[in-house]
Amino acid sequence: MGTSQSREDRITDSESEDDYEKEEEEEEEEEEEEQYDDASGDHKNTQSSSSASSSGTRKSLDDIDAKLKSLKLKYNSAQQQPNPNLKNSVKLYLHIGGNTPKAKWVVSEKLTSYNFIKTSKINSDESDGAGGKGESFWILKVGSKVRARVSTEMQLKMFGDQKRVDFVDKAVWALKFLTDEEYRNFVTQFQNCLFENVYGVEAIEENKVKVYGKDFIGWMKPEAADDSMWEDAEDHSLDSTPDKGSQELVEEFEEAANGSVQSLALGALDNSFLVHDLGVQVYRNFNRGIHGKGICVKFDGGGSRSGVNMSNSTPKKALLMRAETNMMLMSPANEGKPNATGLKQVDIETGKIVTEWKFEKDGTDITMRDITNDTKGSQLDPSESTFLGLDDNRLCQWDMRDRKGMVQNIATSDSPVLHWTQGHQFSRGTNFQCFASTGDGSVVVGSLDGKIRLYSKMSMRQAKTAFPGLGSPITHVDVTYDGKWVLGTTDTYLILICTLFTDKDGKTKTGFSGRMGNKIPAPRSLKLTPLDSHLAGNNNKFHGGHFSWVTENGKQERHLVATVGKFSVIWDFRQVKNSAHECYRNQQGLKSCYCYKIVLKDESIVESRFMHDKFAVSDSPEAPLVVATPMKVSSISLSGRR
């Protein structure tokens, strides 16, 4: 557990890649020589002084000659001298040793050059970009060692004060530039190539306006963005919160799960739940985390007329309702797709499936890809009978009561139908992926094209604000209780958006309640360092970015958490909002925060969530973090040392 910053020391030229490869061989040779010298010492003492001198001289010369040959010294010839006219010249470094004590940077190429090449063959040795059929795209080529498609997967990180960038391409690399101008030219070229690779058009201002919209000047030119809203919205009620250096991650509980965990449903009252392939495991909520009660609700169809056993269809989504006494479980209709044709309502106390609901509109069966509560705190309402639903092109509210406001009589209906109370079926192309609700019932929706839409609680027909995103699909979205901040998750980064704006009357509002105009603050991204991204694994992607959990006005979320591979990554929310934060110095483009803590588990993590704010104790700046892996569940506290 901890941060990755200590492994990003400044680079020196003291050791090369070849030197590192020779180190172990030389150490072995030195050990053998020492053993030889020790063994031969007694024999030498018995020789005459003249014979010892003669043989010693011969041996010394032989040893020196052997040593020189083993070093494989390279002498600069006229052709090997650095070319002062080399275009785009850089020094290339390779990071070795991972996160071990021996981790370090070594020189891979003392002087080489880079080029951005447009091509359709990532593994081709061709240097021109016109050849090949199919899609063409920009790649970065550095000497003979690096040839990578320009994308967010490279996790490029800038160090302006060192004239250096780090990135990932099957390994962790660094480029150091000879001048500040060359460094800035590289960053500009990289960002332009990235834009073109993502959107398929050249990175000129006209195209950026088409992509982002004329109101999003800050997204096109982050340096010119007005960050005053970030400062105005910064919460000052947490001044007593321990800073990053005084917080420790302490594992309070770890328990084995009784099956393959699929999802985590945290409660704000007495219990929390793990949904796995055998049923629902019940956990007791404590100030230090969740602890198993030894109870597993195994589904049976006793309360359902259809008598379907849930073990044949493992739920992927669980939603607590009615003061956390009921749980809605949704299972995909087809393997590999999240869309479901209905859901099952479980009475947690009896373990019975009391109803199997169908999704239907105007007499036609439809599907939903996600469900969520009407508001951040509505799962605590014992009379709650409505919830929100999302499909690729639908956003709606479902009601478990009939059209007269009465709870449906399930005894007279084999397949009770949920009532579509409000919502909208959009024309094809919205490609909704995920959504979340605020404390007052406003809704944020993330899409496949990277757009993030804000809908007021009054209407789901038209978004009040539509953020263009940064090109990557939004796979998960969350929002603060007050609606001031939105967190979008993509495969390679998180995007944090401030929704505040000042209207024409001088009032501060959120983008859920009105159109934000052209003074929209630039977003900020939360990323892993190239090294941590590499350690997380090539196929591991960010998922499930969440704010910590509050359900009261006047309380502010304090942390953000997301999962990637075996990592749970925690950011300090106040630190991310601080425009003067050290991470943002010497950056070019959108501000990116790399200051985080990592919880490392021994298997891929299913979900990481903070418990409800009421479970935070006096010596901790936050409620415990619950981390679920397929076979275990852990509770982590952020203790503030005094």
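Because the structure is predicted, anything quoted here is derived from the model rather than measured.

I would appreciate a short explanation of the overall build of the protein in the present structure.
Counting its regular elements, the protein contains eight helices and 40 strands. For the protein, buried positions account for 50% of its 642 residues. Of all intrachain contacts in the protein linking residues separated by at least 6 positions in sequence, the fraction that spans at least 24 positions is 58%. Summed over all atoms, the accessible surface of the protein reaches about 30,600 Å², with 45% contributed by carbon and sulfur.

For this particular structure, what's the right way to read the pairing of strand E24 (residues 443-447)?
Consecutive residues of a regular strand have side chains that alternate between opposite faces of the sheet. The element E24 is extensively covered by neighbouring structure, given that five of its five residues are classed as buried. Here E24 shows a buried face lined by Val443, Val445 and Ser447 and a second buried face lined by Val444 and Gly446. The hairpin turn running from strand E23 (residues 432-437) into E24, its antiparallel successor, is five residues long, and glycine 441 in that turn takes a positive phi close to 95°. Between E24 and the antiparallel strand that follows it, strand E25 (residues 452-455), lie four residues; glycine 450 among them carries a positive phi value of about 95°.

Would you explain the confidence of the model for the protein in this entry?
For residues with low pLDDT, the predicted coordinates do not support detailed interpretation. In this model, the protein carries a mean pLDDT of 81, and residues with pLDDT of at least 70 account for 78%. In the model, residues 302-311 has pLDDT below 50 throughout and makes 25 contacts with residues more than four positions away in sequence or in other chains. Here residues 404-413 scores under 50 on pLDDT; set against residues more than four positions off or in separate chains, the count is 15 contacts.

Could you clarify how one ought to interpret the sheet that holds strand E12 (residues 289-297) in this entry?
The strands making up a sheet associate through backbone hydrogen bonding, with each pair oriented either parallel or antiparallel. One open sheet holds the four strands; their spatial order is E9-E10-E11-E12, and the pairing between them is antiparallel. Each edge of the sheet is formed by a strand with only one pairing partner; in this case those strands are strand E9 (261-265) and E12. Sheet twist, expressed as the average angle between the axes of neighbouring strands with direction ignored, equals 25°. Here strand E11 (residues 279-286) runs beside E12; their pairing, made up of seven bridges, is antiparallel. Looking at E12, one finds that tyrosine 283 is bridged to glycine 292.

Any chance you could explain empty space enclosed by the protein here in plain terms?
One way to see where empty space is left: roll a probe the size of a water molecule over the atoms. Counted by the stated rule, this structure contains four cavities of 30 Å³ or more. Put simply, the second largest cavity is a space of about 50 Å³. Taken together, Pro222, Asp227, Ala522, Pro523, Arg524, Gly589, Leu590 and Lys591 form the lining of the second largest cavity. For the lining of the second largest cavity, a count of residues per class yields four nonpolar, one polar and three charged.

What exactly am I supposed to notice about the pattern of salt bridges here?
Oppositely charged side chains can pair when the atoms bearing their charge come close. Applying the stated criterion across every chain yields a total of 24 salt bridges. Here aspartate 166 and arginine 164 are joined by a salt bridge, their closest N and O atoms 2.8 Å apart. For the pair formed by aspartate 166 and arginine 164, the shared burial category is buried. In this structure, the salt-bridge partner of lysine 376 is aspartate 478, at a minimum N-O distance of 2.7 Å. Residue lysine 376 is located in the loop between strand E19 (370-372) and strand E20 (386-391), and its partner aspartate 478 is located in strand E27 (residues 476-479); the two are separated by 102 residues in the primary sequence. The network of salt bridges with shared partners includes Glu251, Glu254, Lys601, Asp602 and Lys632.

What's the story with helix H4 (residues 205-212) in this structure? I'm lost.
It helps to recall that an α-helix has 3.6 residues per turn; residues three or four apart then point in one direction. Of all the positions in H4, only Asn207, Lys208 and Tyr212 are classed as buried. For H4, the arc enclosing every buried residue in end-on projection is 115°, short of the 170-degree limit, so these residues lie on one face. Residues of H4 that are exposed and point more than 90 degrees away from the buried face comprise Glu206 and Lys210. The elements touched by buried residues of H4 are helix H3 (180-199) and helix H5 (217-220). Immediately downstream of H4, the backbone of glycine 213 shows phi near 100°, a positive value.

It is not clear to me how the nonpolar core should be interpreted in this structure. Could you clarify?
The nonpolar side chains of a soluble globular protein tend to be buried, and buried together. In terms of nonpolar packing, the biggest core is built from 28 residues, with Leu496, Phe542, Leu560, Val569, Trp571 and Val576 touching the most fellow members. Secondary-structure elements contributing two or more residues to this core are helix H6 (228-233), strand E28 (485-489), strand E29 (494-498), strand E33 (542-547), strand E34 (559-564), strand E35 (567-572) and helix H8 (573-577). When sequence neighbours within four positions are dropped, the list of residues in contact with leucine 560 reads Leu487, Leu496, Leu526, His546, Phe547, Val569, Ile570, Trp571, Asp572, Phe573, Val576 and Phe610.

Mind showing me how you'd approach H3 here?
Here H3 is 20 residues long and its end C-alpha atoms lie 29 Å apart, about the 28 Å a rise of 1.5 Å per residue gives. Among all positions of H3, only Tyr183, Phe186, Val187, Phe190, Cys193, Leu194, Phe195, Glu196 and Asn197 are buried. Phi turns positive, to about 80°, at glycine 200, one or two residues after H3.

Any chance you could explain the sheet that holds strand E13 (residues 317-321) here in plain terms?
With antiparallel pairing, four strands are arranged side by side in an open sheet as E13-E14-E15-E16. Two strands close off the open sheet at either side, each with one partner strand: E13 and strand E16 (352-358). Recorded for the sheet is a direction-independent mean angle of 25° between the axes of neighbouring strands.

What counts, and where the lines are drawn
Residues numbered from 1 in each chain as written. Predicted model: local features only at pLDDT ≥ 70, side-chain atom pairs only at ≥ 80, totals over all residues. Heavy atoms only, no water. Helix = DSSP H or I, 4+ residues; strand = E, 2+ residues; numbered from the N terminus. Buried < 20%, exposed > 50% of the residue type's maximum accessible area, 1.4 Å probe, protein only. Contact = heavy atoms within 4.5 Å. Areas by Shrake-Rupley, 256 points an atom, 1.4 Å probe, with all protein chains shown as cover. Pairing = 2+ DSSP bridges. pLDDT = per-residue confidence, 0-100. Axes fitted to C-alpha atoms, helices over the stretch in contact; angles between N-to-C directions. 1 Å grid on protein atoms, 1.4 Å probe; cavity = no way out; pocket = protein on both sides within 12 Å on 5 of 7 lines; lining within 4 Å. Points joined across faces, edges and corners; volume = space filled by probe spheres on them. Nonpolar A, V, L, I, M, F, W, Y, C, P; charged D, E, K, R; others polar. Salt bridge = Lys/Arg side-chain N within 4 Å of Asp/Glu carboxyl O. Arc of directions from axis to C-beta. Core = buried A, V, L, I, M, F, W, Y, C linked by side-chain atoms within 4.5 Å. Expected span 1.5 Å × (residues − 1).

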